[in-house]
Amino acid sequence: MTSDIESVWVFALASKCRAFSQENIAWSILIIALAWLVMALVYWFHPGGPAWGRYRFKKCASRSVSNRPIPGPRGLPFIGSMNLMASSLAHHRIAAAAEACKGKRLMAFSLGDTRVVVTCNPDVAREILNSSVFADRPVKESAYSLMFDRAIGFAPYGVYWRTLRRIAATHLFCPKQIKGSEEQRRSIASEMVSLFANHRNRSFHVRDVLKRASLNNMMVAIFGQKYKLDCANNEVEQLRALVDEGYDLLGTLNWSDHLPWLAELDPQKIRARCSNLVPKVHRFVSRIISQHRAQTNEKARDFVDVLLSLQGADKLSDSDMIAVLWEMIFRGTDTVAVLIEWILARIVLHPDVQSMVHDELDEVVGRSRAVDESDVMNLVYLTAVIKEVLRLHPPGPLLSWARLATTDTTVDGYHVPKGTTAMVNMWAISRDPQEWANPLEFVPDRFVAKQGEVEFSVLGSDLRLAPFGSGRRTCPGKNLGLTTVTFWVATLLHEFEWLPSDQNAVDLSEVLKLSCEMANPLCVKVRPRRRLSLSLSH
Ligand code: HEM
C-alpha cells in the first residue's frame, strides 16, 4: 500500500515537470503497470501461489526467512486457488490438489491475499489442532457481522472465549445436563415415529422432519420453548428461516474476505444480507430474553435462565447473550440432522447392516418396548455403524471452521508465518488407504472392538477420525450431539424397517455448504417393526 502511494506521488510530481510530455506520461504509466504485472507474476510463481510469493518476497527483502517452501498449487495470478474453495466439493478438490503436488502432509495455497495451509495427514493434523498457536479462528466478515465473534465459535482465543466455554460446559454440555434433557429427546423421538408412521407404504423425504426435530430439541434446551413437531408454528418457522439464512451466509466463500480491494463492492451481497438478518435475530432472541426476565413462575431452568443468572465477571451484556444463544441454536440444529440423514441413507443402502442393527436392538431392547437412552451403551454394533458413517460422511469434512496461526510457527518442519489460515481435511484423512483398510467400503465392523482392544474414540484423541475436531477449539457440543443422534437413530431403527423409495434410489452425492449434506435429499419408505400402539409406549 505504502509503495502504491509513493508511486502516485512520484507520478503526480513528475507530471508537473515540463520534461514530461504526454508521451512520456503514457510510457511511465505503461512501465508502472508492467512492473506491477511482473511483481504479480513473481509472487504467483512461488509454490502455493501469490499470497505465499508476496510473503516470501518481502521476507527475503528483509533477509529474515529463507527456508524451503511448502508444496502447493499456484492457482491464478492475484486470486490464487479460489477455485479450490469456491466449489460445493471443496474437500474433494483440496484432496486431489494435495495428491497432485505431493502435499498430503502439508500443502500451501492462496485464497487471494490469504495464505492457507491444509493437511490430509493425521499426525500433522494433531500438530495443528493441538497447538496453542492455532487456537484462534481466521476473521470472516459474515461471522463477525452475524455476531459469532461474541459467541464461542469465532471469539478470539482469550479470557472471553474461555469464560463462554466454561459456562457452556457447566450448564449445557456436562453429563448431568445431558442426562437431564433425556425426556425431551424421548418425546421428540416419539413425535418423529408418529410422523413417519403416517407415511407407511408411501415414499417420503426425511430431511424436513429431522431438521425440525433438531431445531425443536435445541429450542427446549436453550429457550425452554416446546413446540409440536406435527403442526406448523410461526415462531419455529421464523427461527428456521433465520438459521437457514445464517447457514447460507456462513457457508458461502466470501471473496471479499480474501481480496480486500473487492470489500467495498460487496459483490456477493453478503454484507447486505448480514445487515438484513442481524436485526431480525436480535428481535427474535431479545423477545425471548425479555419473556424470561418477566417470568415469575417456577419452571425448568433453560440456558437463557443460566445466562441471566450470571454475576460478576461472568455477567454478559444483552447483545453478547443474544450472540451466545443464537450460536447454540445455530450450531446444534443442522449438524445433528445432516448426520442422521447420512446414517439412514447408509442403512437403506446396506440391508445386511440394517438387519444386524435390528438383531442387536431385538436382543438388547426387545420388541415389547421402545428404546431407552440407557440401552444405547449396549448397542455396540449401532455405535460402530454411526462411527463408520462419520468416517465416510463427516458433517464437517474440513472441520467446519479453520484455525489461524497467531505467531510464526513450524508445522511438519515447514515455516508457517503468523496470520496463516490452517485447515484439516478430515474427509481425506478418514478415506486414506494408508490409514484405513478398504477405505471406500462401508464396513462398520472395523469399529467393533475385538477382545482386549480399546474402543476407537471419535471425540478427538485419534486424529485418523476426529469429526468433532480436536484440541482447545474442539466441538463443545460433541457429547450432546452424539447422544441425540445415537438415541434418535436407535429409536427410528427399532420402530421401522427402512426401505429404498420406488422412484428415487439413494444417491450418496455430497454438497458442502456449512455442513456436508446429501446433494439429493434421502427419499425412503418405512415398514413398522412393532405394533404401532406399542411404538410410543415404554
Ligand atoms: C453431529 C454433530 C456435530 C458435529 C459433527 C460438530 C462438529 C464440529 C466441528 C468439526 C467443530 C470445529 C472444531 C475444531 O475447530 O477443532 C465444531 C465446533 C463447534 N461446535 Fe460442533 N458439532 C456438532 C454438534 C454441535 C452441537 C450440538 C453444538 C451445540 C449445541 C455444537 C457447538 C459447537 C461450537 C460452539 C463450536 C465452536 C467451538 C470453539 O470454537 O471453541 N456442535 N463442531
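- The name given to the protein chain in an unreviewed UniProt entry is Cytochrome P450, with Hibiscus sabdariffa as the source organism.
- In UniProt, the protein chain has this text filed under Cofactor (unreviewed entry): "heme".

## Quick notes on the sheet that holds strand β3 (residues 204-205)
Line of reasoning, step 1. Strands sit in the order β3-β11-β8 across an open sheet of three strands; the sheet is antiparallel. Each edge of the open sheet carries a strand with a single partner, namely β3 and β8 (496-500).
Line of reasoning, step 2. Strand direction decides the pairing type here: β3 and strand β11 (residues 523-528), joined by two bridges, are antiparallel. Each residue of the ladder has a partner; that of histidine 205, found in β11, is cysteine 523.

## Looking at the sheet that holds strand β7 (residues 421-424)
Line of reasoning, step 1. The strand order across the open sheet formed by four strands is β1-β2-β7-β4, and the pairing between neighbours is mixed. Single-partner strands in this sheet number two, and they are β1 (107-111) and β4 (403-404).
Line of reasoning, step 2. Against the sheet, helix α5 (residues 90-100) engages β1, β2 (114-119) and β7, with an angle of about 130° to β1.

## A word on the coordination of the iron atom of the ligand
Line of reasoning, step 1. Among protein residues, the single donor to the iron atom of the ligand is Cys475 (SG), with a metal-donor distance of 2.3 Å.
Line of reasoning, step 2. By secondary structure assignment, the location of cysteine 475 is in the loop between α19 (426-429) and α20 (478-495).

## Section: the packing of helix α17 (residues 351-364) against α20
Line of reasoning, step 1. Where α17 meets α20, the axes come as close as 10 Å, and the angle between the chain directions of the two elements is 95°. In this view, α17 runs roughly perpendicular relative to α20, as classed from their interaxial angle. Seen from α17, the contacting residues are Gln354, Val357, His358, Leu361 and Asp362; seen from α20, they are Ala490, Leu493 and His494.

## Here we look at empty space enclosed by the protein
Line of reasoning, step 1. Overall, the coordinates contain three cavities of 30 Å³ or more when judged by the stated rule.
Line of reasoning, step 2. Roughly 750 Å³ of volume is contained in the largest cavity.
Line of reasoning, step 3. Arg331, Thr335, Phe468, Cys475 and Pro476 are the residues nearest the centre of the largest cavity, which is lined by 45 residues in total.
Line of reasoning, step 4. Within the residue set of the lining of the largest cavity, elements represented by two or more residues are α6 (122-129), α11 (207-223), α16 (318-349), β7 and α20.
Line of reasoning, step 5. Partitioning the lining of the largest cavity into residue classes produces 25 nonpolar, 13 polar and seven charged.

## Some remarks on unusual backbone geometry
With glycine set apart, most residues show a phi of negative sign, and most peptide bonds adopt trans.
Line of reasoning, step 1. Backbone geometry at lysine 102 places phi at a positive 55°, although glycine is not the residue there.
Line of reasoning, step 2. Relative accessible area serves as the criterion here: at 75%, lysine 102 is assigned to the exposed category.
Line of reasoning, step 3. In this structure, lysine 269 takes a positive phi of about 60° despite not being glycine.

## Side note on a nonpolar patch on the surface
Line of reasoning, step 1. A cluster of nonpolar side chains, contributed by Trp27, Leu30, Ile31, Leu34, Trp36, Leu37, Leu41 and Phe78, occupies part of the molecular surface with about 820 Å² of accessible area.
Line of reasoning, step 2. Mapped onto the elements, tryptophan 27 comes out in helix α2 (residues 22-45).

## A closer look at the packing of aromatic side chains
Line of reasoning, step 1. Scanning all chains against the criterion turns up 16 aromatic pairs.
Line of reasoning, step 2. Aromatic pair tryptophan 436 and phenylalanine 447: ring centres 5.7 Å apart, planes at 55°, arrangement tilted. Remark: phenylalanine 447 occurs in the loop between α19 and α20 and tryptophan 436 occurs in the loop between α19 and α20; sequence separation between them is 11 residues.
Line of reasoning, step 3. What makes tryptophan 436 buried here is its relative accessible area of 7%.
Line of reasoning, step 4. For phenylalanine 447, a relative accessible area of 5% puts it in the buried group.

## A look at the pattern of salt bridges
Line of reasoning, step 1. Counting across every chain of the model gives 33 salt bridges.
Line of reasoning, step 2. As a salt-bridge pair, glutamate 388 and arginine 391 come within 2.8 Å of each other at their nearest N and O atoms. With glutamate 388 and arginine 391 both in helix α18 (residues 380-392) and three residues apart, the pair spans about one turn of that helix.
Line of reasoning, step 3. Residue class for glutamate 388 comes out buried when judged on its relative accessible area of 0%.
Line of reasoning, step 4. Arginine 391 sits in the buried class, given a relative accessible area of 0%.
Line of reasoning, step 5. Note that arginine 446 is salt-bridged to glutamate 388, the shortest N-O span being 3.2 Å. With a gap of 58 residues between them, arginine 446 in the loop between α19 and α20 and glutamate 388 in helix α18 connect regions that are remote in the sequence.

## Digging into α6
Line of reasoning, step 1. Listed in full, the buried residues belonging to α6 are Pro122, Val124, Ala125, Ile128 and Leu129. The buried residues of α6 all sit within an arc of 160° when viewed along its axis, so they share a single face.
Line of reasoning, step 2. For α6, the elements touching its buried residues are β2, β4, β5 (409-411), β7 and α19.

The rules behind the values
Residues numbered from 1 in each chain as written. Predicted model: local features only at pLDDT ≥ 70, side-chain atom pairs only at ≥ 80, totals over all residues. Heavy atoms only, no water. UniProt positions renumbered as here; feature names shortened; annotations may be inferred. Pairing = 2+ DSSP bridges. Helix = DSSP H or I, 4+ residues; strand = E, 2+ residues; numbered from the N terminus. Contact = heavy atoms within 4.5 Å. Axes fitted to C-alpha atoms, helices over the stretch in contact; angles between N-to-C directions. Donors = N, O, S within 2.8 Å, 3.2 Å for Na, K, Ca; no water. Parallel < 35°, antiparallel > 145°, perpendicular 65-115°, else oblique. 1 Å grid on protein atoms, 1.4 Å probe; cavity = no way out; pocket = protein on both sides within 12 Å on 5 of 7 lines; lining within 4 Å. Points joined across faces, edges and corners; volume = space filled by probe spheres on them. Nonpolar A, V, L, I, M, F, W, Y, C, P; charged D, E, K, R; others polar. Buried < 20%, exposed > 50% of the residue type's maximum accessible area, 1.4 Å probe, protein only. Patch = residues over 30% accessible without salt bridge, like charges linked within 9 Å, V, L, I, M, F, W, Y side chains within 5 Å. Areas by Shrake-Rupley, 256 points an atom, 1.4 Å probe, with all protein chains shown as cover. Salt bridge = Lys/Arg side-chain N within 4 Å of Asp/Glu carboxyl O. Phe/Tyr/Trp six-rings, centres within 6.5 Å; stacked < 30°, edge-to-face > 60°. Arc of directions from axis to C-beta.

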